[in-house]
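If you want the building blocks of each chain, they are given just below.
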There are 2 protein chains.
Amino acid sequence: MLSIVIIGTGNLAEHLLDAFLPKEALKVVQVVGRSQVSLAPFKRKVPTTTDFLNIADADLYLLAVSDDAIRDVSERLSHKDGLATHISGSVPLQEIQHKRRGVFYPVQSFTKGKPIDFKEVPICLEAESKTDLELLRLLAGSVSETIHEMHSEQRQYLHLAAVFANNFTNHLYHLAREICDGRNIPFDVLRPLIGETARKIQSMSPYDAQTGPARRQDRGTLEKHGSLLEEQNHKTMYKRLSESIQKTYAKEL
Amino acid sequence: MLSIVIIGTGNLAEHLLDAFLPKEALKVVQVVGRSQVSLAPFKRKVPTTTDFLNIADADLYLLAVSDDAIRDVSERLSHKDGLATHISGSVPLQEIQHKRRGVFYPVQSFTKGKPIDFKEVPICLEAESKTDLELLRLLAGSVSETIHEMHSEQRQYLHLAAVFANNFTNHLYHLAREICDGRNIPFDVLRPLIGETARKIQSMSPYDAQTGPARRQDRGTLEKHGSLLEEQNHKTMYKRLSESIQKTYAKEL
């Protein structure tokens, strides 16, 4: 049995706790938070504390805290033997101030109150010893079916790619919505298209899935679209993204 | 019973035929194509012809042809009484050279060989008379649960918004893949995230769903990301998209 202390009470801490609780190989012995209020959703599930001096002994400490807090929080665990593990995409392993350090990075976007099937969440692991890596593999393997070993530099680039695939993609949905709002078109009309665009990619490469006037190098339509758009920001984004697509497929002509 | 002739043999013509065939209220009497080869996938399902002089009489002619061909093909139907209907997002109704004209625009991305549940495809309709609109409503209502009436100008903007939501989004998937490829990270790691990003939007607004350093106006991370990216195009796209997000949320600070 692997004993775990979760430090942090955010959205991801909640999702992780809910993924760990039903697993017989795992035991969450404590959740540590800054205040009783932040711990409220955890109290009926596991023992909790706000006091770092009261922190329980465990095989693994999961630092579900903001990137900026990883260094400080790990220092406060320095007297503990358990593996100090952060869950961030962009923070190097070395940021952890502890004799045993690990990374457990779930590559997914977690929304408060929206359950996620953890089986399908890829988890990227990093540690400095074989024993610690085995521990992380045990943890990851009990909740997910996809585990990747990845060093800090690789993980940093994965996190950057995730910004394109998630943050920027979502912003394009927002720009699409602004265009719809400007003409009283309900955004609902686009929702099935958005769903299908992402589904298509589950089995195709984005390179092959690309369609539209920029891929066809259809300058007539590109110019017409550019002149139709009314907001300067929409025009600029349309131009830049179309140019990037045109460059990508320029060799095909 | 509504009788239909489909003109065109592309991907969308196939999807539409498959959606129409099982419906008792609809009868596809013919598919018209340029060559026997292009008609091959249709032949075992419905009567076909390559000869415009042999075109059948029908209540409705569905012009499943490229935008550029709509004018010509509609002219060649001028002796027919049925409603000449195109299926394009960006072409105005007036482009159709016929006494009765209509638009039937399914807002979805169709992939060859990948079945689509037409019930969930929003369909935008336009016609010049009440009778013709009723005819289009009958057709759309037999395959889809979501029907919108929309004039040409509105539809043009919807189509532009769809370019952002589909073409540009897919290109961001491709840029994410390039970043992964550069560091030997399998693109599969991002696929569940891409799926969830689109699923989230089915019940939330993209404005509320936005996360990441640009939304948090976290200049430190933005600068670090910018310097990590190696390709000029990745740097430019990162900068432009981050600026657009920062502007969107600037009022929140």
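Along every chain, residues carry numbers that run from 1 in the direction the sequence is written. For naming, the first written chain is A and the first written ligand is 1, with later ones following in the order written. Reporting in this predicted model follows two pLDDT cut-offs: at least 70 for local features of residues, and 80 or more for side-chain atom pairs to be given and counted; totals over whole chains, interfaces and linings ignore these cut-offs and use all residues. Side-chain measures were taken over the full set of non-hydrogen atoms in the model, leaving aside hydrogen atoms and water.

Quick word on the overall build of chain A
From N to C terminus, chain A includes nine helices and eight strands. If one aligns the C-alpha atoms of chain A with their principal axes, the spans along those axes are about 70 × 40 × 30 Å. Classification of the 253 residues of chain A by burial places 58% in the buried group. All accessible-area figures derive from a Shrake-Rupley calculation using a 1.4 Å probe, and residue coverage is judged against the displayed protein chains alone. Carbon and sulfur atoms provide 48% of the accessible area of chain A, an area that totals close to 11,000 Å². Positive and negative side-chain charges in chain A, numbering 32 and 32 respectively, have mean positions lying 4 Å apart. Here a helix means four or more residues in a row that DSSP labels H or I, a strand means two or more in a row labelled E, and each is numbered from the N terminus. Throughout this description, buried means an accessible area under 20% of the type-specific maximum (1.4 Å probe, protein chains only), exposed means over 50%, and partly exposed covers the range between. For the charge count, each Lys or Arg is scored as positive and each Asp or Glu as negative, with His and the chain ends excluded. Working definition for charges: the position is that of NZ of Lys, CZ of Arg, CG of Asp or CD of Glu.

Examining the packing of helix H5 (residues 152–182) of chain A against helix H9 (residues 232–249) of chain A
Residue and element names in this part refer to chain A. One way to put it is that H5 packs onto H9 with a least axis distance of 11 Å and a crossing angle of 130°. Overall, the two elements H5 and H9 adopt an arrangement that is oblique. In this structure, H5 meets H9 at a crossing whose hand is left-handed. On H9, the residues that touch Leu172, Leu175, Glu178 and Ile179 of H5 are Asn233, His234, Met237 and Leu241. Three classes are used, and their members are as follows: Ala, Val, Leu, Ile, Met, Phe, Trp, Tyr, Cys and Pro are nonpolar, Asp, Glu, Lys and Arg are charged, and the others, Gly among them, are polar. Looking at the contact of H5 with H9, its residues break down into five nonpolar, two polar and one charged. Every angle, taken between N-to-C directions, lies between 0 and 180 degrees, and every axis is a line fitted to C-alpha atoms, over only the stretch in contact when it is a helix. An angle below 35 degrees is read as roughly parallel, one above 145 as roughly antiparallel, one from 65 to 115 as roughly perpendicular, and any other as oblique. Two helices cross in a left-handed way if the nearer one is turned anticlockwise from the farther one by less than a right angle. They cross in a right-handed way if the turn is clockwise. The criterion used for residue contact is that any of the two residues' heavy atoms lie within 4.5 Å.

A short note on the packing of aromatic side chains
Working definition: rings of Phe, Tyr and Trp (its six-membered ring) pair if their centres are within 6.5 Å, and the pair is stacked with planes under 30 degrees apart, edge-to-face with planes over 60 apart, and tilted otherwise. Within the structure shown, the criterion is met by twelve aromatic pairs over all chains. Each ring, one from Phe164(A) and one from Phe168(A), has its centre 5.0 Å from the other, and the planes form 75°; the classification is edge-to-face. On the criterion of helical spacing, the pair formed by Phe164(A) and Phe168(A) is a turn pair, its members being four residues apart in helix H5. Remark: a charge is flagged as sitting over a ring if the NZ atom of Lys or the CZ atom of Arg is within 6 Å of the ring centre and within 35 degrees of the ring normal. Over the aromatic face of Phe52(A) sits the side chain of Arg76(A), whose NZ or CZ is 4.2 Å from the ring centroid. It is Arg183(A) that lies over the ring of Tyr157(B); its NZ or CZ is 3.9 Å from the centre.

Regarding the sheet that holds strand S1 (residues 2–7) of chain B
Residues and elements named next belong to chain B. Two strands make a pair as long as DSSP finds a minimum of two bridges between them. An order of S3-S2-S1-S4-S5-S6-S7-S8 is seen for the eight strands of this open sheet, with the pairing classed as mixed. Each having just a single partner strand, strand S3 (48–49) and strand S8 (147–149) make up the two edges of the open sheet. In this structure, strand S7 (residues 123–127) lies alongside S8, joined through three bridges in parallel fashion. Bridge pairing in S8 links Leu125 to Glu149. Sheet contacts for helix H4 (residues 130–143): S1, strand S2 (26–32), strand S4 (60–63), strand S5 (83–86), strand S6 (101–106), S7 and S8; angle to S7, the most-contacted strand, approximately 165°.

A word on the interface of chain A and chain B
On the chain B side, the residues contacting the 83 residues of chain A number 83 residues. Buried area: the sum, over both parts, of the accessible surface (1.4 Å probe) that disappears when the two are put together. Of the roughly 8,100 Å² buried where chain A meets chain B, counting both sides, 66% is carbon and sulfur surface. The salt bridge criterion pairs a side-chain nitrogen of Lys or Arg with a carboxyl oxygen of Asp or Glu, the two atoms within 4 Å. If you look at where chain A meets chain B, you find four salt bridges. Between N or O atoms, a polar contact is any pair within 3.5 Å; within protein, one atom must be a potential hydrogen donor and the other a potential acceptor, and residues adjacent in sequence are included only when both atoms are from side chains. One can count 39 residue pairs in polar contact (both at pLDDT 80 or more) joining chain A with chain B. Of all the elements in the fold, those that place two or more residues in the side of chain A that touches chain B are H5, helix H6 (191–200), helix H7 (206–209), helix H8 (219–228) and H9 of chain A.

Quick look at the sheet that holds strand S3 (residues 48–49) of chain A
All names here are of chain A. Overall, mixed pairing links the eight strands, which are arranged S3-S2-S1-S4-S5-S6-S7-S8 in an open sheet. Only two strands of the sheet have a single neighbouring strand rather than two, namely S3 and strand S8 (147–149). Lying over the sheet, helix H4 (residues 130–143) contacts strand S1 (2–7), strand S2 (26–32), strand S4 (60–63), strand S5 (83–86), strand S6 (101–106), strand S7 (123–127) and S8, oriented at roughly 165° with respect to S7. Helix-sheet contacts for H5 involve S5, S6 and S7, and the interaxial angle to S6 is about 20°.

Thoughts on the packing of H5(A) against helix H8 (residues 219–228) of chain B
One can describe the packing of H5(A) onto H8(B) by two numbers: an axis separation of 11 Å at closest approach and a directional angle of 105°. As judged from the angle between their axes, H5(A) and H8(B) are roughly perpendicular. Residues Gln156(A), Tyr157(A), His159(A), Leu160(A) and Val163(A) of H5(A) form the contact with H8(B), whose participating residues are Lys224(B), His225(B) and Leu228(B). By residue class, the composition of the contact of H5(A) with H8(B) is four nonpolar, three polar and one charged.

Some points on the relation of the copies chain A and chain B
Here the second copy of the chain follows from the first by a rotation about an axis and a shift along it. The fit set for superposing copies consists of C-alpha atoms from residues with pLDDT of at least 70 in both; the fit itself is least squares. With an RMSD of 0.0 Å, chain A superimposes on chain B once it is rotated by 180° and translated 0.0 Å along the axis. Taken together, the rotation angle and the small translation identify this as a two-fold axis. By C-alpha distance to the rotation axis, the residue of chain A lying nearest is Thr169(A), at 2.7 Å. With an isologous cut-off of 70% or more, the 100% of interface residues of chain A that recur at the interface of chain B puts this contact in the isologous class.

Structural notes on the layout of surface pockets
Roughly 1,600 Å³ of internal volume is contained in the largest pocket. Throughout, the protein atoms alone are placed on a 1 Å grid, and a set of points is a cavity if a 1.4 Å probe fits but cannot get out or a pocket if it is open with protein on both sides within 12 Å along at least five of seven lines; lining residues have an atom within 4 Å of a point. What lines the largest pocket is a set of 48 residues, and nearest its centre among them are Arg216(A), Leu12(B), Val65(B), Ser66(B) and Asp67(B). Elements represented by at least two residues in the lining of the largest pocket include exactly H6 and H8 of chain A together with helix H1 (11–20), S6 and helix H5 (152–182) of chain B. With five residues, H5(B) is the single largest residue contributor to the lining of the largest pocket. Looking at the lining of the largest pocket residue by residue, the classes come out as 20 nonpolar, 19 polar and nine charged. Grid points are joined across faces, edges and corners, and a volume is the space filled by probe spheres set on the points. Of the pockets and cavities examined, the second largest pocket occupies roughly 1,300 Å³. Every residue lining the second largest pocket is counted, 42 residues in all, and those nearest its centre are Asp67(A), His159(A), Thr211(B), Gly212(B) and Arg216(B).

Some thoughts on the pattern of salt bridges
Scanning the entire structure with this criterion turns up 38 salt bridges over all chains. Here Arg191(B) and Asp188(B) are joined by a salt bridge, their closest N and O atoms 2.6 Å apart. Since its relative accessible area comes to 13%, Arg191(B) is described here as buried. One salt bridge connects Lys239(B) with Glu243(B), and the closest N-O pair in it is separated by 3.0 Å. Remark: Glu243(B) and Lys239(B) occur in helix H9 (residues 232–249); sequence separation between them is four residues, near one turn of the helix. By relative accessible area, Glu243(B) is classed as partly exposed at 28%. What emerges from the salt-bridge pattern is a single network uniting Lys114(A), Glu196(B) and Arg199(B).

Remarks on the nonpolar core
We call a set of buried residues a nonpolar core when its members are Ala, Val, Leu, Ile, Met, Phe, Trp, Tyr or Cys and they connect through side-chain atoms within 4.5 Å of each other. One finds Ile7(A), Leu158(A), Phe164(A), Leu190(A), Leu158(B), Phe164(B) and Leu190(B) to be the most contacted residues of the largest nonpolar core, which totals 109 residues. When neighbours within four sequence positions are excluded, Leu158(A) is seen to be in contact with Tyr105(A), Val107(A), Cys124(A), Met150(A), Cys180(B), Ile185(B), Val189(B) and Leu190(B). Val46(A), Leu83(A), Leu139(A) and Val143(A) belong to the second largest nonpolar core, which has 33 residues in total.

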